[in-house]
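Below are the chains, spelled out letter by letter.
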Amino acid sequence: MNDRKVRVRFAPSPTGPLHIGGVRTALYNYLFAKQNGGDFIFRLEDTDSNRFVEGAEEYILESFRWLGIKFDEGVSFGGNYGPYRQSERREIYKKYVKILLDADKAYIAFDTPEELDKKRAEIENFQYDASTRLSMRNSLSMPAEEVQALIDGGHKYVVRFKIEPGEKVVVNDIIRGVVTIDSSILDDKVLYKSADELPTYHLANIVDDHLMEVTHVIRGEEWLPSAPLHVLLYRAFGWEDTMPAFAHLSLLLKPEGNGKLSKRDGDKLGFPVFPLEWKDPATGAISSGYRESGYLPEAVVNFLALLGWNPGDDVEMMDVEELIKKFDLTHCSKAGARFDYKKMIWFNHEYIIKKSDEEVAEMFAPVVESHGVSVDAATLTKIVSLMKGRVNFVHELWEASNFYFIAPESYDEKTVKKRWKADSAVKMTELAALLESLDDFSIENQEKEVKAWIESKEYSLGEIMNAFRLALVGEGKGPQMFDISGIIGKEETLARLKKAVEVLG
RNA sequence: GGCGCUUUCGUCUAGCGGCUAGGACACAUGCCUCUCACGCAUGGAACACGGGUUCGAUUCCCGUAGGCGCUACCA
C-alpha cells in the first residue's frame, strides 16, 4: 500500500467557470503529485445532466493551460484508466451498483422527489435512514415481486446505500487527524438514479478513485462531512486496503463579512474570482478573469499556494519548482482563509519586477498599439525598464508612461499653480535654446550640460526641472527628466517646451 | 435544529510547554529625491473566553462563545 505510485486527481463538475478555490485545490494536488513523482489526473464529474453547462469543460482546461498546471492523464490528455468523463462510464457504475445490491448493501427505492419533499415538509428533520426506510417505498419494505413489477413497468427508481446505524466511522485526515462520526447520523445516500442511468457523486467518486488507483484524495473541506460515507463505501466494496488517504483543505472566505468567497465579493471589491473571463451562455453575463485583468499566472499560483499553506520559513516568492519542492500537506492550515486580494496585487507587482524588461515590453506592446501608437521594441523596452517597478499591472504602464508616446494636450492645474512661475516661460525658452544647441542629445550629455547651465545661471535645480517636467509630461510625475527627454528625442522635447511656453505663458 | 471542522496582529501566517510571540500584505511616519512613484528604514498592531493538567501554558485536555461547512435523485 505504501509502495503504490502516487496518483491524485482534480475532478470538477462542468457546471460553469472554475472558481478560484477550485484552482487552489487543483494546484495543491498538482504540487503534491509532482513532489512525489506521481500522476495528476483530470476527471470530469458530469453525473448531473441537469447542471451541464456548455463550454465549461474547455474553460477549465484553458484555465489550467494558462496557469501552467499540467495533467498527466484524463479528459483530453489520454491515459490507461479511461474514459475519464463520468458520463461515459455508465456501464462501469451499473456493474458496481449491482455488486452492492447483490450483497444487500444497497437497495432500490421508488419514492419520488415530490414524495420526499412532502415527507420533509411534514416531518421535521426527516432523514431517509434505518429508522425510516421501512416506512418508505423500497425493496426493503416491499415484496420482491412488486419491486420487480415496478421496475419492469418502467418506474423510475434510485439505489440507496444501506447504512447500518450505531457504528463509529473513523476518517484519518492528513490535515486534521482522526475524525470520528456516528453512522446513525448518515442518511441512506442515493447512489444511482435510473432516470438518467447515472450514479451520484458519491458512488462515481469511490468507484473511479479505486479503478484509477488514486492514492490521495485532496479536496475541499465541504467534503469532510461525507468522508465517512465514502469510507463506508470503500468498506462495502472490500477496498479498504487500497483506500486513498484523505486531506480536506480549508475553504477560501470572503475578504470581508461572513461566508465563503463568491463571485459577488469579487464584483463588489474589484477583483476576479475566476481564472479566466467567463461569459455565461444562458444570460450572457460576463465575469472577469485573472488573465484578462492583467494578473500574471505565476503570481496567481504563488499567491494561491500560500493561501492556506506555508513553507515554515519566511520565503514568500516561490516559483512552481520551488513550491513543488517545499509543499507539505501537513503544513496546511485548518481554518478557512480570507481571500486577501491586496496581497494578490502585491504578488503581481513583484512578478512584474522579476520579469525581464523584454518580456514585460512584449506584454505591453499590444496595449500601446491599442492606443494607436507605434514604437520600436528597443525604445519600448527602455521605457519599460524605467517604469515597470511603479505599477501593479502591465496595463497600468500606459497610464504611467503615456507621456512618452503622446504630448500633453493640457496641463494639470494644480501642478501649473505649484511649478510654473512667472519667469518659467523665459527660463524654459532659454532651456530650449540650450538643448537645441546640443549635438549630443544623450541622457548623460543633456544632464551634464543642463546642470552646468543651471549652475552658471544660479538657477535652482528644482525650478527648472519641475517646469521642464510640466512641459514634457503635463503633470508632476514620471522618472528622471533626462530619461524622458532622452527617449522622446530632441525634436519632440523642443516642440513640447515651445508649446508649454505658448500655452502657459 | 443536528453533525463535523475551526479560532495567534485588520488580513495571510510562523510557533509544535519556558520566546522581548517572528515574517509578509495593508496602514502610519521618516529617508531617498528635479516631481510622482518605486525602494529602504522605523512604528503601531494578535494568542476569543472560562476551567483544568503542569513548577510553568499561545502551545495539551474539557467547556462556552464566534466563524465555516454539511445536512438533495448537486458536486
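Residues numbered from 1 in each chain as written. Chains lettered and ligands numbered in written order. Predicted model: local features only at pLDDT ≥ 70, side-chain atom pairs only at ≥ 80, totals over all residues.

Colleague: Can you walk me through the overall build of chain A in this structure?
Modeller: Of the regular secondary structure elements, chain A holds 19 helices and 15 strands. Computed over the C-alpha atoms, the radius of gyration of chain A is 32 Å, more than 25% above the 23 Å expected from 2.2 N^0.38 for a compact globule of 505 residues. Across its three principal axes, chain A shows a C-alpha extent of roughly 110 × 45 × 40 Å. Burial analysis of chain A (505 residues in total) assigns 35% to the buried set. Partitioning the contacts of chain A with sequence separation of at least 6, the portion at a separation of at least 24 is 74%. (Helix = DSSP H or I, 4+ residues; strand = E, 2+ residues; numbered from the N terminus. Rg over C-alpha atoms; globule rule 2.2 N^0.38 Å. Buried ≥ 20, exposed ≤ 12 C-beta atoms within 10 Å, placed from the backbone. Contact = placed C-beta atoms within 7 Å.)

Colleague: Help me understand unusual backbone geometry in this model?
Modeller: The omega torsion across Gly-82 and Pro-83 is -5°, close enough to zero to call that bond cis. Relative to the assigned elements, Pro-83 resides in the loop between β3 (73-74) and α3 (90-102). The phi angle at Asp-104 is positive, at roughly 65°, despite the residue not being glycine. Within the secondary structure, Asp-104 sits in the loop between α3 and β4 (106-109). In this structure, Glu-213 takes a positive phi of about 55° despite not being glycine. One can find Glu-213 in the loop between α6 (201-211) and β10 (216-220).

Colleague: Looking at this structure, how should I read the sheet that holds strand β8 (residues 190-193)?
Modeller: As a general point, the strands of a sheet are linked pairwise by backbone hydrogen bonds and lie either parallel or antiparallel. One open sheet accounts for 4 strands, arranged β4-β5-β8-β9; its pairing is antiparallel. Of all strands in the sheet, those bounded by a partner on one side alone are β4 and β9 (198-199). Note: β4 against strand β5 (residues 158-161), 4 bridges, orientation antiparallel. Looking at β5, one finds that Ala-106 is bridged to Phe-161. (Pairing = 2+ DSSP bridges.)

Colleague: Please clarify how the environment of Ile-443 should be interpreted in this entry.
Modeller: Structurally, Ile-443 is set in helix α17 (residues 443-457). On the neighbour-count criterion, Ile-443 (15 C-beta atoms within 10 Å) is partly exposed. Sequence spacing of Ile-443 and Tyr-93 is 350 residues, and the spatial spacing of their C-alpha atoms is 73 Å.

Colleague: What is the right way to read the protein's contact with RNA strand B from this model?
Modeller: Lining the immediate surroundings of RNA strand B are 62 residues, of which Glu-45, Asn-258, Ala-335, Gly-476 and Gln-480 lie closest. Of all the secondary-structure elements, those providing two or more residues to the surface near RNA strand B are α4 (113-122), β7 (177-182), β8, β15 (337-338), α11 (341-354), α18 (461-473) and α19 (481-504). It is α18 that contributes the most residues to the surface near RNA strand B, 5 residues altogether. In terms of residue class, the surface near RNA strand B is made up of 23 nonpolar, 20 polar and 19 charged. (Near = placed C-beta within 6 Å. Nonpolar A, V, L, I, M, F, W, Y, C, P; charged D, E, K, R; others polar.)

Colleague: Explain the domain arrangement of chain A here, please?
Modeller: Quoted interface sizes are often the accessible area lost when the parts come together. Taken domain by domain, chain A consists of domain 1 (7-75), domain 2 (89-215), domain 3 (355-404) and domain 4 (413-504). One C-alpha centre belongs to domain 2, the other to domain 3; they are set 59 Å apart. (Domains from an automatic or database assignment.)

Colleague: When you look at the environment of Tyr-192 in this model, what are you seeing that I'm missing?
Modeller: Mapped onto the fold, Tyr-192 is located in strand β8. Note: C-alpha distance between Tyr-192 and Tyr-93 (99 residues apart in sequence) is 8.5 Å. Once residues within four sequence positions are removed from consideration, Tyr-192 is found in contact with Tyr-93, Val-97, Val-158, Val-159, Pro-199, Thr-200 and Leu-203.

Colleague: What is the right way to look at the pairing of β8 in this model?
Modeller: Working note: regular strand, side chains alternate between the two faces of the sheet. Direction of pairing for β5 relative to β8: antiparallel, over a ladder of 3 bridges. Looking across to β8, one finds that Val-159 is bridged to Tyr-192. Two strands pair when backbone bridges link them, and β8 and β9 are joined in this way by 2 bridges, in the antiparallel orientation. Paired with Tyr-192 across the two strands is Pro-199, which belongs to β9. Hairpin geometry of β8 and β9 is characterised by an intervening segment of 4 residues between the two adjacent antiparallel strands and by a positive phi of about 55° at Glu-197.

Colleague: What should I look at first to understand the sheet that holds strand β1 (residues 7-10) in this one?
Modeller: Spatially, the 3 strands line up as an open sheet ordered β1-β2-β3, and their pairing is parallel. Looking at which strands have only one partner, the edges of the open sheet turn out to be β1 and β3. The pairing of strand β2 (residues 39-42) with β3 spans 2 bridges and is parallel. If you follow Phe-42 over to β3, its bridge partner there is Gly-74. Where helix α1 (residues 20-35) meets the sheet, it contacts β1 and β2, and its direction lies at approximately 165° from that of β1. (Axes fitted to C-alpha atoms, helices over the stretch in contact; angles between N-to-C directions.)

Colleague: Can you help me understand α3 in this one?
Modeller: Think of an α-helix as 3.6 residues a turn; residues three or four steps apart then line up on the same face. Look at α3: 18 Å from first C-alpha to last across 13 residues, which is about the 18 Å you get at 1.5 Å a residue. Where α3 is concerned, the buried positions are Tyr-93, Tyr-96 and Leu-100. On an axial view of α3, the arc spanned by its buried residues comes to 65°, and they lie on one face. Facing away from the buried side of α3, by more than 90 degrees, are the exposed residues Glu-91, Lys-95 and Asp-102. Those residues of α3 hidden inside the fold are in contact with β4, β8, β9, α6 and α7 (227-237). Immediately beyond the C-terminal end of α3, within one or two residues, lies Asp-104, with a positive phi of roughly 65°. (Expected span 1.5 Å × (residues − 1). Arc of directions from axis to C-beta.)

Colleague: I tried to follow the packing of α17 against α19 on my own but got confused; where do I start?
Modeller: When two helices pack together, their arrangement is given by the angle between the helix axes and by the axis-to-axis distance. Relative to each other, α17 and α19 sit at 125°, their axes nearing to 9 Å. Between α17 and α19, the interaxial angle falls into the category oblique. Remark: the crossing between α17 and α19 carries right-handed chirality. Contacts from Ile-443, Gln-446 and Glu-447 in α17 reach Phe-482, Asp-483, Ser-485 and Gly-486 in α19. For the contact of α17 with α19, the per-class residue count stands at 2 nonpolar, 3 polar and 2 charged. (Parallel < 35°, antiparallel > 145°, perpendicular 65-115°, else oblique. Left-handed = near helix turned anticlockwise from the far one by under 90°.)

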